[in-house]
Amino acid sequence: MLVKGGTRVHSEAVAVSSRAVVASAYGGPEVLRVVDVDTSEPGPGNVLIDVRAAAVNAIDWKRYSGAFTTDPNQLPMRLGYEVSGVVSAVGPSVRWLSPGDEVIAWRVDGGYADRIVASEQVTVRRPSNLDWAPASGLLLTGATAVHTLSATGTHDGDVVLVHGGSGGVGRMVVQLAVLRGAQVVATASPNHHDDLRTLGAIPVAYGEGLLDRLRDVVRTTGPISVAIDTVGTDEALDTSVAVVEDRQRIATIAGFRRAGELGIRALGGGPGADPGTLVREAARAQLAELASDGTLDVRVAQTYALEDAAKAHADGLTGHVHGKLVLLP
Ligand SMILES: NC(=O)c1ccc[n+]([C@@H]2O[C@H](COP(=O)([O-])OP(=O)(O)OC[C@H]3O[C@@H](n4cnc5c(N)ncnc54)[C@H](OP(=O)(O)O)[C@@H]3O)[C@@H](O)[C@H]2O)c1
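Please read these numbers as outputs of a predicted model, since none were measured by experiment. Each chain carries its own residue numbering, running from 1 in the written order of its sequence. Thresholds applied to this predicted model are a pLDDT of at least 70 for local features of residues and 80 or more for the giving and counting of side-chain atom pairs; totals over whole chains, interfaces and linings are not thresholded and use all residues. Processing note: side-chain calculations cover all non-hydrogen atoms of the structure and skip hydrogens and water entirely.

Caption draft 1: The arrangement of the overall build of the protein chain in detail. The secondary structure listing takes helices from DSSP runs of H or I that are at least 4 residues long and strands from runs of E that are at least 2 residues long, numbered from the N terminus. For the protein chain, the count of helices and strands is 10 helices and 17 strands. Computation of the radius of gyration draws on C-alpha atoms alone. For the globule rule, the value is 2.2 Å times the number of residues to the power 0.38. For 329 residues, the compact-globule estimate of 2.2 N^0.38 gives 20 Å, and the protein chain sits close to it at 20 Å. Each of the three principal axes of the protein chain carries a C-alpha extent, and together these read 70 × 40 × 35 Å. For the exposure calls, accessible area comes from a 1.4 Å probe over protein chains only, and a residue counts as buried if that area is under 20% of its type's maximum, exposed if over 50%, partly exposed in between. For the protein chain, with 329 residues in total, the buried portion stands at 53%. Working definition of accessibility: Shrake-Rupley area with a 1.4 Å probe, residue cover restricted to the visible protein chains. Accessible area of the protein chain: about 14,100 Å², with a carbon and sulfur share of 50%. Across the protein chain, 29 positive and 37 negative side-chain charges occur, with their mean positions spaced 1 Å apart. Asp and Glu count as negative and Lys and Arg as positive, but His and the ends of the chain are not part of the count. Where a charge sits is defined by one atom per residue type, namely NZ (Lys), CZ (Arg), CG (Asp) or CD (Glu).

Caption draft 2: Layout of the domain arrangement of the protein chain. Its domain assignment divides the protein chain into domain 1 (2-138 + 298-328) and domain 2 (142-276). An automatic or database domain assignment is the source of the domain bounds shown. On a C-alpha basis, the centroid separation for the pair domain 1 and domain 2 is 30 Å. Here a residue-residue contact requires only that any non-hydrogen atoms of the pair lie within 4.5 Å. The partner domain 2 presents 11 residues to the 9 residues of domain 1 that form the contact. A simple way to read buried area is as the amount of 1.4 Å-probe accessible surface that goes missing from two parts once joined, with both sides added. Counting each side, the surface lost to burial between domain 1 and domain 2 is near 720 Å², with a carbon and sulfur contribution of 58%.

Caption draft 3: Expanded view of the side chain of Asp-114. For Asp-114, the location among the structural elements is in the loop between β7 (102-106) and β8 (115-119). Taking relative accessible area as the criterion, Asp-114 reaches 18% and is therefore assigned buried. For Asp-114, the side chain forms a polar contact with the main-chain nitrogen of Arg-19, separated by 3.0 Å. Apart from residues no more than four positions distant in its own chain, Asp-114 is found in contact with Ser-18, Arg-19, Ile-49, Asp-50, Val-51, Leu-306 and Pro-329. N or O atoms closer than or at 3.5 Å make up a polar contact, with two conditions inside protein: a donor-capable atom paired with an acceptor-capable one, and, for residues adjacent in sequence, both atoms drawn from side chains.

Caption draft 4: Fine view of the nonpolar core. Counting 41 residues, the largest nonpolar core has Leu-138, Val-174, Leu-176, Leu-287 and Leu-296 as the members making the most contacts within it. A total of 7 residues in this core trace back to one element, the largest contributor, which is helix α3 (residues 139-151). Residue-level mapping places this core at the junction of two domains, with at least three residues from each of domain 1 (2-138 + 298-328) and domain 2 (142-276). Excluding residues that lie within four positions of it along the chain, Val-174 makes contacts with Val-162, Gly-165, Val-184, Ala-186, Leu-196, Leu-199 and Ala-201. Side-chain atoms within 4.5 Å link the members of a nonpolar core, which is a set of buried Ala, Val, Leu, Ile, Met, Phe, Trp, Tyr and Cys residues.

Caption draft 5: Structural context of the packing of aromatic side chains. The rule is short: rings of Phe, Tyr and Trp, with Trp giving its six-membered ring, pair when the centres are within 6.5 Å, and they are stacked under 30 degrees, edge-to-face over 60, tilted in between. All chains considered together, the criterion is met by 0 aromatic pairs. Any Lys NZ or Arg CZ that is within 6 Å of a ring centre and within 35 degrees of that ring's normal is treated as a charge sitting over the ring. Positioned above the aromatic ring of Trp-132, the side-chain terminus of Arg-52 is 5.6 Å from the ring centre. Against the face of Trp-132 rests Arg-126, its NZ or CZ located 3.8 Å from the ring centre.

Caption draft 6: Helix α6 (residues 210-221), seen in detail. A helix's residues, less one, multiplied by 1.5 Å, set its expected span. Here α6 is 12 residues long and its end C-alpha atoms lie 16 Å apart, about the 16 Å a rise of 1.5 Å per residue gives. Looking only at α6, the buried set comprises Leu-210, Leu-214, Val-217 and Thr-221. The buried residues of α6 all sit within an arc of 60° when viewed along its axis, so they share a single face. Turned more than 90 degrees off the buried face of α6, the exposed positions are Asp-212 and Arg-219. Its buried side turned inward, α6 meets β10 (159-163), β11 (183-188), β12 (201-205) and α7 (234-243). Here the arc refers to the set of directions running from the helix axis out to each C-beta atom.

Caption draft 7: Just the packing of α3 against helix α9 (residues 277-292), in detail. Taken N-terminus to C-terminus, the directions of α3 and α9 make an angle of 115°; their axes are 8 Å apart at the nearest point. In the packing of α3 onto α9, the handedness of the crossing is right-handed. The segment α3 lies against α9, with Leu-139, Gly-142, Ala-143, Thr-144, Val-146, His-147 and Ser-150 engaging Val-279, Arg-280, Ala-283, Arg-284, Gln-286 and Leu-287. Note on method: axes are straight lines fitted to C-alpha atoms, helices fitted across the in-contact stretch only, with angles between N-to-C directions ranging 0 to 180 degrees. If you view the pair so one helix is near and one far, a crossing is left-handed when the near helix is turned anticlockwise from the far one by less than a right angle, and right-handed when it is turned clockwise.

Caption draft 8: Summary view of the confidence of the model for the protein chain. Averaged over every residue, the pLDDT of the protein chain is 94; the share at 70 or more is 95%. The pLDDT value expresses, per residue, how confident the predictor is, ranging between 0 and 100. In this model residues 4-12 is a low-confidence stretch, pLDDT under 50, and it forms 9 contacts with partners more than four residues away in sequence or in other chains.

Caption draft 9: How the structure looks around the pattern of salt bridges. Here, a salt bridge means any Lys or Arg side-chain nitrogen found within 4 Å of an Asp or Glu carboxyl oxygen. This structure, assessed with the given rule, holds 15 salt bridges. Note that Arg-171 is salt-bridged to Asp-195, the shortest N-O span being 2.8 Å. Here the residue Arg-171 occupies a position in helix α4 (residues 168-179), and Asp-195 occupies one in helix α5 (residues 193-198), the gap between them amounting to 24 residues. Note on Asp-195: relative accessible area 15%, which makes it buried. Residues participating in the shared-partner salt-bridge network are Asp-234, Asp-238, Arg-257, Arg-258 and Glu-261.

Caption draft 10: Structural view of the packing of α6 against α7. The contact between α6 and α7 brings their axes to 10 Å, and the two run at 40°. Taken together, the axis directions place α6 and α7 in an arrangement best described as oblique. For the element pair α6 and α7, the recorded crossing hand is right-handed. Along its contact with α6, which presents Leu-210, Leu-211 and Leu-214, the element α7 presents Glu-235, Thr-239, Ala-242 and Val-243. With respect to orientation, any angle under 35 degrees is reported as roughly parallel, any angle over 145 as roughly antiparallel, any angle of 65 to 115 as roughly perpendicular, and every other angle as oblique.

Structure below.
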């Protein structure tokens, strides 16, 4: 392996110690613990990353909630799918990374840690103007957003309704849809409307009367042609099918239960959903480029020490976070 400083090491596998957050049981955030783990040296095609920031995503707390599995063999469960950090060692056959390179990486295993081993293939260079915390939160939400726009064929001239426009994924969908030349109408709590206006969207409050408010908006925008649901509520799904004519241009990343019955697109890891693996993986480089000159904004709502992962998850579970929650090891 090649380690920082350029020294080649041909010894037996060297384990590096790291702190990592694990779910010690199935349940709520109270099951999270910080433990010491051994991180093996990077094998072929892999790199060792000193993690500077690890973004929190809803999937992280869903995984240990018991909603998907309660298999005791998966405990303790490492968490965290995306990080930013510095490459500190590279394994054999690594092609373009060297020790000292600053990267962002998604999809990784166990990103809530001081150090992780990840495939070179899941990394891109950290956009130079993006601090560690926002850089860590760019790829999962961004790639999901790219997939929603690609699956619905969103293009110049579309009028796109985004449910949950102020959330991590929603802000990405809004910005990328505007970049495609679409008019965007986005739902959010009223205290997040100014942010949505800044991003180029027309904000609308969700809740009772949403359909009437949307009917008012289309008087100026023209008919809504695409709907992207990042929330999964009945209200989001029912208003989407009420206002968009072509159900193949309605996508949900959270309302999997009713997607089949409604004949709309379910995207991501849910049952029967389209994972969009190739589209999402191909989006990494494009997202990094758009973030590098500030075209794409990643808002960080709050940062936490690794030891405060449970607090970060409790905050995320409120469902009203405005931007990314990020752990700083
Ligand atoms: N399928 C996939 O590939 C995929 C990928 C990523 C995420 N997801 C899922 O997508 C969902 C959103 O993820 P995220 O990271 O964007 O979450 P997030 O950052 O926590 O954002 C959630 C947003 O939902 C909004 N919201 C809450 N209640 C609402 C309601 N009744 N109607 C409309 N908006 C409402 C909130 O807006 P206000 O604060 O303004 O109220 C908040 O900004 C999660 O369930 C996550 O698991 C799926």
